[in-house]
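Examining the three-dimensional arrangement
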Amino acid sequence: MKKIGFLSFGHWTPSAQSATRSAADALLQSIDLAVAAEELGADGAYFRVHHFARQLSAPFPLLAAVAARTNKIEIGTGVIDMRYENPLYMAEDAGVADLISGGRLQLGLSRGSPEQVIEGWRYFGYGPQEGESDADMGRRHTEALLEVLKGEGFAKPNPQPMFPNPPGLLRPEPFSSGLRERIWWGSGSDATAVWAAKLGMNLQSSTLKDDETGEPFHIQQAKQIRAYRAAWREAGHQREPRVSVSRSIFALVSEQDRAWFGSSGQGGDQIGYLDEKTRAIFGRSYAAEPEKLIAQLAKDEAIAEADTLLLTIPNQLGVAYCTHVLEAILKYVAPELGWR
């Protein structure tokens, strides 16, 4: 059995060819898609966060709105760039969204990837400390957030407060018990996956990672997951971790599917550079009739290793079509692979 959800980047563009032409469209359609996904029996509604872009950005108002409109589906991010975040303020926002959802928040974090502007986090008021890289800063912000989510008081109370305080040191409120165990790290390398395991975070691995061995993407990703699980066991954590992978998968069951995605699954992995030093491998997309798709996906080692699969959806094609994409996977593919 696997949990299956969607991952939306929330793209919007003021084009006649787009069904998502404004930021309001992207937000409202995201809520509607989460509701539709829950009705289908999908397990998760996840959203990517990008700044300075015509995509979803501030996640917590959206997550709270989705929480208020749904009852069972997990709601999450994949991922929030921690270079842009104030850990204490984030802990408050996340606590609010989690309490509204009844404990369904699955918060995916990351050190970030190349963004739309140069050093965009500086415009948000953040910068690396002396001797730090921006990636180090993102991980430092993450460790601070994890500490706050333990729920322990650390702030000295005012002796003459406006309202009565509970005894002892104070913590940011509201606090949501259990959220600390639902924090995920979006890892692009084996080393950061091991780091996440040591800190007790779940693992999100997307459709790209550092090309560390030259092997096919799914094999490298499977090795990353195994390294993460080994580090988790070595760290002695008492619970079982969760691991997700994301994929672009389209079951071609209609003429519309074939017109839009009939050629999408013909290519293989691709190689590119995230910066001048980092060679990355990008995993292939899958698009085929269900029988062929099932055979292809059965060979994907990383999907087999993961307990959660996030389907990246083409959100600008509209809620109805994205719902169809999810339904086709849940109906024709997942049962044959033992995912349901």
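First things first, this report covers the structure right here in the doc. (Residues numbered from 1 in each chain as written. Predicted model: local features only at pLDDT ≥ 70, side-chain atom pairs only at ≥ 80, totals over all residues. Heavy atoms only, no water.)

Let's talk about the pattern of salt bridges
- Using the criterion set out here, one finds 23 salt bridges in the structure.
- Among the ionic pairs, Asp 43 bridges to Arg 340, the shortest N-O distance being 2.6 Å. On the criterion of sequence distance, the pair formed by Asp 43 in the loop between α1 (23–40) and β2 (44–47) and Arg 340 in the segment after α10 (319–333) is long-range, its members being 297 residues apart.
- The exposure class of Asp 43 is partly exposed, given its relative accessible area of 22%.
- Salt bridges linked by common partners bring Lys 3, Glu 74, Arg 242 and Asp 307 together as one network. (Salt bridge = Lys/Arg side-chain N within 4 Å of Asp/Glu carboxyl O. Helix = DSSP H or I, 4+ residues; strand = E, 2+ residues; numbered from the N terminus. Buried < 20%, exposed > 50% of the residue type's maximum accessible area, 1.4 Å probe, protein only.)

Considering the packing of α1 against α10
- The geometry of α1 relative to α10 is characterised by a closest axis approach of 10 Å and an angle of 30° between their N-to-C directions. Viewed along their axes, α1 and α10 adopt a mutual orientation that is roughly parallel. Viewed along their axes, α1 and α10 form a crossing whose handedness is right-handed. Every residue of α10 that contacts α1 at Gln 29, Asp 32, Leu 33, Ala 36, Ala 37 and Leu 40 is listed here: Val 319, Cys 322, Thr 323, Leu 326, Glu 327 and Leu 330.
- Of the residues that constitute the contact of α1 with α10, the class distribution is eight nonpolar, two polar and two charged. (Axes fitted to C-alpha atoms, helices over the stretch in contact; angles between N-to-C directions. Parallel < 35°, antiparallel > 145°, perpendicular 65-115°, else oblique. Left-handed = near helix turned anticlockwise from the far one by under 90°. Contact = heavy atoms within 4.5 Å. Nonpolar A, V, L, I, M, F, W, Y, C, P; charged D, E, K, R; others polar.)

Quick notes on the nonpolar core
- Counting residues in each nonpolar core, the largest one holds 69 residues, and the members touching the most others are Phe 6, Leu 107, Leu 109 and Leu 293.
- Ranked by residues supplied to this core, first place goes to α10 with six residues.
- Those residues in contact with Leu 107, other than ones at most four positions away along the chain, are Phe 60, Thr 77, Ile 80, Met 90, Ala 94, Arg 182, Ile 183 and Trp 184.
- Of all hydrophobic cores here, the second largest spans six residues; its members include Phe 250, Phe 261, Ala 287 and Tyr 321. (Core = buried A, V, L, I, M, F, W, Y, C linked by side-chain atoms within 4.5 Å.)

With respect to the sheet that holds strand β11 (residues 270–273)
- Taken together, three strands build an open sheet; the order of strands is β8-β12-β11 and the sheet is antiparallel. Every interior strand has two partners, whereas the edge strands, β8 (208–210) and β11, have only one. Taken over all neighbouring pairs, the strand axes of this sheet differ in orientation by 30° on average, direction set aside.
- Pairing geometry for β11 and strand β12 (residues 279–282), over four bridges, is antiparallel. Bridge pairing links Gln 270 to Phe 282 in β12.
- Lying on the sheet, helix α6 (residues 217–235) is in contact with β8 and β12; it crosses β8 at an angle near 70°. (Pairing = 2+ DSSP bridges.)

Thoughts on the pairing of strand β3 (residues 74–77)
- Residues Glu 74 and Gly 76 of β3 are buried on one face, and the alternating residues Ile 75 and Thr 77, pointing to the opposite face, are buried as well.
- Where β2 meets β3, four bridges bridge the pair, whose relative direction is parallel. Note that in β3 the partner of Tyr 46 across the bridge is Gly 76.
- With two bridges connecting them, β3 and strand β5 (residues 105–110) associate as parallel partners. When the sheet's bridge partners are listed, Gly 76 is paired in β5 with Gln 106.

Quick word on a nonpolar patch on the surface
- A surface patch of nonpolar side chains, amounting to about 360 Å² of accessible area, comprises Phe 52, Tyr 123 and Phe 124.
- The exposure class assigned to Phe 124 is partly exposed, which follows from its relative accessible area of 39%. (Patch = residues over 30% accessible without salt bridge, like charges linked within 9 Å, V, L, I, M, F, W, Y side chains within 5 Å. Areas by Shrake-Rupley, 256 points an atom, 1.4 Å probe, with all protein chains shown as cover.)

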